[in-house]
Amino acid sequence: MRPNKARLTGVLALALAAGVTFGLPALTAAGQPEAKKETTRGSRKDKKKEKEVKPVELTTGQVAEVQKLLNERKLTPDDLFAAAKTYMPSGRHDDYLLFASGGHSGQVFVIGVPSMRLLRSIAVFTPEPWQGYGYGIGDEILKQGDFGDKPLKWGDTHHPGLSETAGDYDGRFLFIGDKANARLAVIDLQDFETKQIVRNPLIISDHGCAFVTPDTDYVFEGGQYATPLGLGYAEMKDYKEQFRGMVTAWKFDKDKGRIDQAQSFGLELPPYWQDLFDSGKLLSDGFVFGNSINTELSTGKVDEKAANFEASTTTRDMDYLHIIDWKKAEQVFKAGKAKKIKDFAVITLDTAIAEGILHFAPEPKSPHGVDVTPDGRYIVVAGKLDPHVTVYSIDRIKKAIAEKKYSSTDPYGVPILDFDAVKEAQVELGLGPLHTQFDDKGFAYTSLFLDSAVARWSLGGSAAPKTGEKPWSLLSKTPVQYNVGHIVAAEGDTVSPDGHYLIAMNKWSVDRFFPTGPLLPQNFQLVDIDVKGDQPMPVLYDSPIGVGEPHYAQMIKADKLKPFEVYPEIGWNPHTGAIDPKAPKAGEEKIVRDGKNVEIFTTVVRSHFTPEHVELEQGDHVVWHFTNVETSQDATHGFCIGGYDINLSLEPGEYGRIEFTVDKPGTFPFYCTEFCSALHLEMAGYMRVKPTDSISQK
């Protein structure tokens, strides 16, 4: 139950009276938060001016009231402080935005931090009814991701990646991968809409996607389950010869805001199951690092004598950390040394070895996380079946490559660097380590799946003086509920992490929320990491995520984002980023018939459509254009036609287009689906479709 505004005034006052500092904005004399200065895109003036504030003075009666509430609700002082740290009064914006993968929903969720309020679901790989995505609007974007002529209307989003400049989030774009169908999407953060989907022609599924280079030159997509490249067929007995792994470097054109497929390329890998990837930064810029599992080359239970994948992919103590020199790979690609598979450029495994692009290093055991420290000096790997994180040094890696300190080669001829030559440290953390994030004070945080905890430990090297702790040491473990997978800290995988908050993305919730049947939500838990290194980190908030299994998230400062409040000009096409030449204009609405082809030009404004009546004939092919001519913020309108599976959302200034064939005769009301004014219900019209027999009789 969320405390109400009056309660929280007392909560904050009591906390301040107790001498506790939360890093919250100053309060007014009435106990309300100071109005925050906000700016909008371009040259718009500040909406609110800062006001002078006075310290809160708590009366004896207010203290008594708060104490009464604590006792009535059976709350502890820790509960009180957690509420004060997360509560956002009406009208106050969160300090950070969390972009979380939507898992089975195929979308991306936007969540405020520290309030943990769900602000928006971004439609990506799956039709989304509120915005009409896939129901008339955005159909052409969804079609980009189809599997040939087979529509793909479901996706499994896993790893969002924010665009970066010099290794820091720049707030311009968001990328997200679809594990199920090996797709990558581009989302423009000016309007939080998907602009492009590309489907990998070489593989059928991926996992390590999307991971961007420090200046967003490339977005890396790592495959998961080895297959014949180009989606061919092969017998399992030919696994070692015919199956291959893959990592793809998608070239991103920052000016156009789109993936340039012609300048993208793939890198053939041995048929291990590549897992997650992370791009190097600063000292390790130019490299990309990836995990692998199933270096056993298991084919699973193909017959009664064979072991299943669960057992047969976990027999080795070491798998392989993939060390890829992507800048060298780019040079090889540009030199024309790649071959084409399904019209897509691929650097073959033999070429990658010969050109020194690919090296391996041993990594324990069945790893699932690979994360580069903020200074780019270290690569942290967590093995699911090893209680340690293993820390590799980029200096050691470069030296070992230069001096060819190999322990051996793999069955495909890839050189394996000597483990002791590249290892910097190992830190024992607990059971089931997975993923690591970083803060601004030299600490690292690793999720422990089996322990259901987040471990905090100290980095070495240049970060050691910040911590005041012994380098490479476990400092504390915070229990979370339950079975945590990924974690995310505020800007925690950039060159300049913020600290303050960490979110544990837990796979189970069990007893945390009211059971809504056997299917339970995931649980995001907000953790306070501003406490001292060896102190327990308090869990501040539980947030149920009941729309799929989110996997990973990235958290950005809210003030880095500069979204449109309304579209820049009336008639703006979000998918082209310009005024659409077909956008209807006020006073120029019309219906144009050319045989069985009909074009309709409609303007939308509170509280009517123009035209309100559309007469069609059964079998007509209709292209219907819309412009929302509003210029006020949040003046959104909708349009739907019952029986035709059509709905669209039109934000202020937006142009939209739908195309369909009127195959069902009858009288069909259309109406605005967004409550837009007092006369919202009157914002309607009729589409009348004459039946074929009526037309022939006439």
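Since the model is a prediction, treat every value here as computed from it, not as a measurement.

### Some thoughts on the confidence of the model for the chain
Right, on to step 1. Predicted confidence across the chain gives a mean pLDDT of 92, with 92% of residues reaching 70 or more.
Right, on to step 2. Segment residues 1–50 is flagged for pLDDT under 50; beyond a separation of four residues in sequence, or across chains, it makes 93 contacts in the model.

### As for the pairing of strand β24 (residues 433–438)
Right, on to step 1. Burial within β24 is extensive, with 6 of its 6 residues counted as buried.
Right, on to step 2. Turn length for the β24-strand β25 (residues 443–448) hairpin, with the two strands adjacent in sequence and antiparallel, is 4 residues, and the turn residue G442 shows positive phi of about 90°.

### What about the domain arrangement of the chain?
Buried accessible area, meaning the area lost when the parts come together, often serves as the stated size of an interface.
Right, on to step 1. Domain assignment breaks the chain into domain 1 (214–299 + 306–545) and domain 2 (572–690).
Right, on to step 2. Computed over C-alpha atoms only, the centres of domain 1 and domain 2 are separated by 47 Å.

### Examining the packing of aromatic side chains
Right, on to step 1. Enumeration over the complete set of coordinates arrives at 32 aromatic pairs.
Right, on to step 2. Measuring from centroid to centroid gives 4.9 Å for F175 and F252, while their planes differ by 85°, and the two rings are edge-to-face. Here F252 lies in strand β10 (residues 245–253) and F175 lies in strand β5 (residues 168–178), a separation of 77 residues in the sequence. By the burial criterion, F175 is buried, and F252 matches it.

### Points about the nonpolar core
Right, on to step 1. Ranked by size, the top nonpolar core spans 52 residues in total, and within it F289, I347, I379, Y392 and I397 carry the most contacts.
Right, on to step 2. Formed by 26 residues, the second largest nonpolar core is a distinct cluster that contains Y644, I646, I658 and F668.

### Structural notes on a nonpolar patch on the surface
Right, on to step 1. Residues L431, F449 and L450 make up a contiguous nonpolar surface patch of about 280 Å² in total accessible area.
Right, on to step 2. Mapped onto the secondary structure, L431 falls in the loop between β23 (423–428) and β24.
Right, on to step 3. Judged by its relative accessible area of 49%, L431 falls in the partly exposed class.

### Concerning the sheet that holds strand β3 (residues 118–122)
Right, on to step 1. The antiparallel open sheet is built from 4 strands, whose spatial order is β3-β2-β1-β32. The sheet is open, and its two borders are formed by β3 and β32 (553–557), each paired with just one other strand. The average undirected angle you get between the axes of adjacent strands in this sheet is 20°.
Right, on to step 2. One ladder, built from 6 bridges, connects strand β1 (residues 96–101) with strand β2 (residues 108–113); its direction is antiparallel. Bridging across to β2, L98 finds its partner in I111.

### Remarks on the sheet that holds strand β27 (residues 474–479)
Right, on to step 1. Judged by pairing direction, the sheet is antiparallel, and its 4 strands sit side by side in the order β24-β25-β26-β27 without closing on themselves. Each edge of the open sheet is held by one strand with a lone partner, namely β24 and β27. Mean inter-strand twist for the sheet, computed between neighbouring axes without regard to direction, equals 25°.
Right, on to step 2. Here 6 bridges tie β25 to strand β26 (residues 453–458), and the two strands are oriented antiparallel to one another. Looking at the pairing, Y445 lines up with R456 of β26.

### Section: unusual backbone geometry
Across the chain, the bulk of peptide bonds are trans and the bulk of non-glycine residues have phi less than zero.
Right, on to step 1. With an omega dihedral of -20°, the bond running from Q481 to Y482 counts as a cis peptide bond.
Right, on to step 2. Secondary-structure assignment places Y482 in the loop between β27 and β28 (484–489).
Right, on to step 3. Cis geometry marks the peptide bond from R606 to S607; its omega dihedral reads 0°.
Right, on to step 4. Along the chain, S607 turns up in the loop between β36 (597–605) and β37 (608–610).
Right, on to step 5. Although it is not a glycine, D645 adopts a positive phi angle of roughly 60°.
Right, on to step 6. Its location among the elements puts D645 in the loop between β40 (637–641) and β41 (646–650).

Criteria and thresholds
Residues numbered from 1 in each chain as written. Predicted model: local features only at pLDDT ≥ 70, side-chain atom pairs only at ≥ 80, totals over all residues. Heavy atoms only, no water. pLDDT = per-residue confidence, 0-100. Contact = heavy atoms within 4.5 Å. Buried < 20%, exposed > 50% of the residue type's maximum accessible area, 1.4 Å probe, protein only. Helix = DSSP H or I, 4+ residues; strand = E, 2+ residues; numbered from the N terminus. Pairing = 2+ DSSP bridges. Domains from an automatic or database assignment. Phe/Tyr/Trp six-rings, centres within 6.5 Å; stacked < 30°, edge-to-face > 60°. Core = buried A, V, L, I, M, F, W, Y, C linked by side-chain atoms within 4.5 Å. Patch = residues over 30% accessible without salt bridge, like charges linked within 9 Å, V, L, I, M, F, W, Y side chains within 5 Å. Areas by Shrake-Rupley, 256 points an atom, 1.4 Å probe, with all protein chains shown as cover. Salt bridge = Lys/Arg side-chain N within 4 Å of Asp/Glu carboxyl O. Axes fitted to C-alpha atoms, helices over the stretch in contact; angles between N-to-C directions.

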